[in-house]
Amino acid sequence: MSDVSDKIMDEENPVEEEEDDEEIAESESQISDQQEKIQTENQGRKVTVQMNKQDPSCATYSFIEEDHTLGNSLRYLLMANTNTSFCGYTIPHPSESVMNLRLQTNGAKANDVIKGSLKDLATLCDILSENYERALEEFKQKSKK
């Protein structure tokens, strides 16, 4: 029987196992080691890019220490761009602090398209922050009366 079928059998007939404190501590240590390994491999960089040099219209970006907040916002802006043919993101596992984003364009360079969308997102955040601050001040002025 293969490993996959063994796993399926285990899922159909779950057996409750108790983990002792040593196993839990070892698991937490492994997670910490994986996060340190990711940071070491990326040498402090926040983004790594995997791109086929023959086709610059497709790329996979790995954002370190980012989550759904950036992933979904950036995906939305990229899909609104007419140069984008596909964009999706995934977070491989909750214990990994990596967000992967795949971008395919209609011929434009993927790096140019994502840079434009990142600038648009930064502008959008600035506008939102300014509007919030203005509304907060207006509220404080009204509440004083």
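Our structure is the block above this text.
Numbering of residues starts from 1 in each chain and follows the order in which that chain's sequence is written. Local features in a predicted model are, by the rule used here, given only for residues with pLDDT of at least 70; side-chain atom pairs are given and counted only at 80 or more, and totals for whole chains, interfaces and linings are based on all residues. Hydrogens and waters are ignored; side-chain quantities use all the structure's heavy atoms.

Student: What is the right way to look at the nonpolar core in this model?
Tutor: Generally speaking, soluble globular proteins have nonpolar side chains that are buried together. As used in this record, nonpolar core signifies buried Ala, Val, Leu, Ile, Met, Phe, Trp, Tyr and Cys residues forming a set joined through side-chain atoms within 4.5 Å. Exposure categories follow from relative accessible area, calculated using a 1.4 Å probe and restricted to protein chains: below 20% of the type maximum is buried, above 50% is exposed, and the middle band is partly exposed. With 15 residues, the main nonpolar core has Tyr61, Phe63, Leu74, Leu78, Leu101, Leu103 and Ile114 as its most contacted residues. Contributing elements (two or more residues each) for this core: strand S2 (58-64), helix H3 (68-80), strand S4 (98-105) and helix H4 (110-144). Helical segments are the DSSP runs of H or I of at least four residues, strand segments are the runs of E of at least two, and each set is numbered from the N terminus.

Student: What am I meant to see in the pattern of salt bridges here?
Tutor: Two side chains bearing opposite charge may form a pair once their charged atoms approach each other closely. By salt bridge we mean one thing: a side-chain nitrogen of Lys or Arg within 4 Å of a carboxyl oxygen of Asp or Glu. If you walk through the whole model with that rule in mind, you get one salt bridge. Ionic pairing is found between Glu66 and Lys46, a salt bridge with its closest N-O pair at 3.5 Å. Of this pair, Glu66 sits in the loop between S2 and H3 while Lys46 sits in the loop between helix H2 (21-41) and strand S1 (47-51), and the two are 20 residues apart along the sequence. Overall, Lys46 belongs to the partly exposed group, its relative accessible area being 43%.

Student: What's the story with the packing of H3 against H4 in this structure? I'm lost.
Tutor: For any two helices packed against each other, one specifies the crossing angle of their axes together with the interaxial distance. To obtain an axis, a line is fitted to C-alpha atoms, over the contacting stretch when the element is a helix, and the angle between two such axes runs from 0 to 180 degrees between their N-to-C directions. At a closest axis distance of 9 Å, the pairing of H3 and H4 adopts a crossing angle of 115°. Of the possible angle classes, the one that applies to H3 and H4 is roughly perpendicular. Here the hand of the crossing between H3 and H4 comes out right-handed. When H3 is examined against H4, the residues Leu70, Ser73, Leu74, Leu77 and Leu78 are found in contact with a partner set consisting of Val113, Ile114, Ser117, Leu118, Asp120 and Leu121. Polarity classes work like this: nonpolar for Ala, Val, Leu, Ile, Met, Phe, Trp, Tyr, Cys and Pro, charged for Asp, Glu, Lys and Arg, and polar for all others, with Gly in that last group. Tallied by class, residues from the contact of H3 with H4 come to eight nonpolar, two polar and one charged. Here is the rule for angles: anything less than 35 degrees is roughly parallel, anything more than 145 is roughly antiparallel, 65 through 115 is roughly perpendicular, and the remaining ranges are oblique. Left-handed is the label given to a crossing in which the near helix is rotated counterclockwise from the far helix by less than a right angle, and right-handed is the label when the rotation is clockwise. Note on contacts: a residue pair is in contact if any heavy atoms of the two residues lie within 4.5 Å.

Student: Looking at this model, I keep getting lost on the pairing of S4. Mind explaining?
Tutor: Counting buried residues in S4 gives six out of eight residues, a clear majority hidden from the surface. Bridge analysis of S2 against S4 gives seven bridges, and the strand direction is antiparallel. In the sheet register, Thr60 faces S4, and the bridge partner there is Arg102. A strand pair is defined by DSSP finding two or more bridges across the two strands. Where strand S3 (residues 84-90) lies against S4, six bridges are found, and the strand directions are antiparallel. Residue Thr84 lies in a different strand from S4, and its bridge partner there is Thr105.

Student: How should H3 be read in this particular structure?
Tutor: Because each turn of an α-helix spans 3.6 residues, side chains separated by three or four positions in sequence point in the same direction. Under the convention used throughout, the expected extent of a helix is 1.5 Å for every residue step, that is, one less than its residue count. Compared with an ideal rise of 1.5 Å per residue, which puts 13 residues at 18 Å, H3 spans 18 Å between its outermost C-alpha atoms and is within 8% of the ideal. Every buried residue of H3 is listed here: Leu70, Gly71, Leu74, Leu77 and Leu78. One side of H3 carries all its buried residues, which in axial view fall inside an arc of 145°. Set apart from the buried face of H3 by more than 90 degrees, the exposed residues are Thr69, Tyr76 and Ala80. Of the surrounding secondary structure, the elements contacted by the buried residues of H3 are S2, S3, S4 and H4. Under this definition, polar contacts are N or O atom pairs within 3.5 Å; protein pairs additionally need one hydrogen-donor-capable and one acceptor-capable atom, and for neighbouring residues in sequence, both atoms have to be side-chain atoms. By the N-cap criterion, in which a side-chain oxygen at the helix start approaches the backbone nitrogen of a residue two or three places on, H3 is capped by Asp67, the distance to Thr69 being 3.1 Å. Directions pointing from the helix axis toward each C-beta atom define the arc.

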